[in-house]
Amino acid sequence: MTRCYNFCAGPAALPEAVLETARDEMLEWHGAGLSIMEMSHRSPEFVAVAERAEQSLRELLAIPEDYAVLFLQGGASTQFSAVPLNLLAGKNKADYVNTGQWSKKAIAEGLRYCQVNVAASSEESKFSTIPAQDTWQLSDDAAYLHYTPNETIGGVEYAWIPQVDVPLVADMSSTILSRPIEVSEFGAIYAGAQKNIGPAGLTLVIVRRDLLGAADTKCPAMLNWETAADNDSMYNTPPTFALYLAGLVFDWLLDQGGLSAMEQLNRRKAGKLYAAIDNSGFYANPVELASRSLMNVPFTLADAGLDKLFLQEAEAAGLLNLKGHRSVGGMRASIYNAVSEGAVDALIAFMQDFEQRNG
Ligand code: PMP
């Protein structure tokens, strides 16, 4: 059995070393006589695993003490509702920036709870740009501003952090842990785990503590960030295996040299792949240069009629999950932390060979 190179947008590749550790510990965790999956979430052993995961994440992202780290369920999509429910705090309006499919979903969900002011949108450019902040129409009575730093489908990413007077809320699902971030610039950050954090089923929220405590009275307990913070993310049974595995990923990232080292590697990987696309005349990426994603690289072939053959041959060559999102077509290579430089090199070599034979 050979492991292939996996370019899936999520659930995505996990570090092989992490999978090996999980395999070795699967039947019996550290002499406890049972699997981590079979252990009470309130046992001292599991509580230590959860605490260590949080500590490692705090170290990786240099999360300040006045921020709570919450490990939740329901995916990033559940946070589309949790954000207004926790942060409107009696107000009736929020600002959102629309840069693609995931922004749109957050906006649609926000509209259930308040007036949404779309402060800027790049829809006219088919989501191939990020609107400069000096063009944004911010409202003066918004409870928060929500944006999507990296659009997983369009492959468009902010190279800068918006500066606003209200709490800044970021859906970091497909960018978190790809490089260092200044957490103190944000009111709240959230992310589904299944890209750079760990397996699906776990959702991360990082929120400034002074924003807790103002949730809508109708906010379900399971969506209330204060409830989660007060209960160390164990108001109910957490997804214990996913949390354990995320902890292994965090420790693996620390072993790799932390997020500065990951950023260097990720920039090298993305730089090579974009260069191969731009230098080809056969492949194309539609995103403006300054806003190209480090993690999700969409590209088209000069002849869409060759898409099927490209995907078939890529799969035969051990390069999996390169099909673009169903809403945009073409190809997409997601090159998260666990996708090695060797995987990117193999993809580029395949693309060049395919072009020579079909271009
Ligand atoms: N936001 C972004 C940026 C995403 O990429 C995704 C998933 N691909 C989501 C939200 C939705 O995440 P989930 O499936 O965890 O609800």
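Not measured: the values here are computed from a predicted model.

K.L.:
Would you mind going over the sheet that holds strand 11 (residues 283-284) in detail, with residue names and values included?
P.N.:
Judged by pairing direction, the sheet is antiparallel, and its 3 strands sit side by side in the order 11-12-14 without closing on themselves. At either end of the open sheet lies a strand with only one pairing partner, and these are strand 11 and strand 14 (331-334). The pairing of strand 12 (residues 296-301) with strand 14 spans 4 bridges and is classified as antiparallel. Residue pairing across strands places Pro298 opposite Arg332, the latter belonging to strand 14.

K.L.:
Which residues make up helix 6 (residues 240-255), and what are the values?
P.N.:
Helical geometry note: an α-helix holds 3.6 residues per turn, so side chains three or four residues apart project in the same direction. For helix 6, which comprises 16 residues, the first-to-last C-alpha distance of 23 Å matches the rise-based estimate of 22 Å (1.5 Å per residue) to within 8%. Across the 16 residues that make up helix 6, a large majority, 13, are buried. Phi turns positive one or two residues past the end of helix 6, at Gly257, with a value near 110°.

K.L.:
Any details on the pattern of salt bridges? Residues and values, ideally.
P.N.:
Applying the stated criterion to the full structure yields 16 salt bridges. Of the charged contacts in the structure, one is a salt bridge between Glu263 and Arg267, with a shortest N-O distance of 2.9 Å. Taken together, the residues Glu263 and Arg267, both in helix 7 (residues 258-278) and 4 residues apart, mark about one turn of the helix. Looking at Arg267, the relative accessible area reads 43%, which means it is partly exposed. When the shortest N-O distance is used, the salt bridge between Arg357 and Asp353 registers 3.1 Å. Taken as a pair, Arg357 and Asp353 lie in helix 9 (residues 341-358) at a separation of 4 residues, close to a single helical turn. Judged by its relative accessible area of 35%, Asp353 falls in the partly exposed class.

K.L.:
How would you explain the domain arrangement of the protein if you had to name every residue and give the values?
P.N.:
You'll often see interface size given as the accessible area lost when the parts meet. Taken domain by domain, the protein consists of domain 1 (16-255) and domain 2 (257-358). Placing a centre on the C-alpha atoms of domain 1 and another on those of domain 2 gives a separation of 26 Å. Each side of the interface is counted separately: domain 1 has 26 residues, and domain 2 has 27 residues. Put simply, domain 1 and domain 2 have 0 salt bridges between them. One can count 15 residue pairs in polar contact (both at pLDDT 80 or more) joining domain 1 with domain 2. When residues of the side of domain 1 that touches domain 2 are traced back to their parent elements, those giving at least two are helix 2 (44-61), strand 7 (156-157) and helix 6.

K.L.:
Any details on the site of the ligand? Residues and values, ideally.
P.N.:
Near the ligand, the surroundings consist of Gly75, Ala76, Ser77, Phe80, Trp102, Asn150, Thr152, Asp171, Ser173, Gln194 and Lys195. Gln194 has a polar side-chain atom sitting 3.0 Å from an oxygen atom of the ligand. Among the elements that take part in the shell around the ligand, helix 3 (residues 75-87) stands out by supplying 4 residues, more than any other. In terms of residue class, the shell around the ligand is made up of 3 nonpolar, 6 polar and 2 charged.

K.L.:
Could you give me a rundown of the sheet that holds strand 2 (residues 67-72), with the residues and numbers involved?
P.N.:
Overall, mixed pairing links the 7 strands, which are arranged 2-10-9-8-5-3-4 in an open sheet. Only two strands of the sheet have a single partner each, and these edge strands are strand 2 and strand 4 (115-121). Going from strand to strand, the sheet's axes swing by 20° on average, the running direction of each strand aside. With 3 bridges joining them, strand 5 (residues 145-147) and strand 8 (residues 168-171) adopt parallel strand pairing. Residue pairing across strands places Tyr147 opposite Ala170, the latter belonging to strand 8. Of the strands in this sheet, strand 2 and strand 10 (203-208) are in contact with helix 2, which crosses strand 2 at around 130°.

About the thresholds
Residues numbered from 1 in each chain as written. Predicted model: local features only at pLDDT ≥ 70, side-chain atom pairs only at ≥ 80, totals over all residues. Heavy atoms only, no water. Pairing = 2+ DSSP bridges. Helix = DSSP H or I, 4+ residues; strand = E, 2+ residues; numbered from the N terminus. Expected span 1.5 Å × (residues − 1). Buried < 20%, exposed > 50% of the residue type's maximum accessible area, 1.4 Å probe, protein only. Salt bridge = Lys/Arg side-chain N within 4 Å of Asp/Glu carboxyl O. Domains from an automatic or database assignment. Contact = heavy atoms within 4.5 Å. Polar contact = N/O pair within 3.5 Å; in protein donor to acceptor, adjacent residues only side chain to side chain. Near = heavy atom within 4 Å. Nonpolar A, V, L, I, M, F, W, Y, C, P; charged D, E, K, R; others polar. Axes fitted to C-alpha atoms, helices over the stretch in contact; angles between N-to-C directions.

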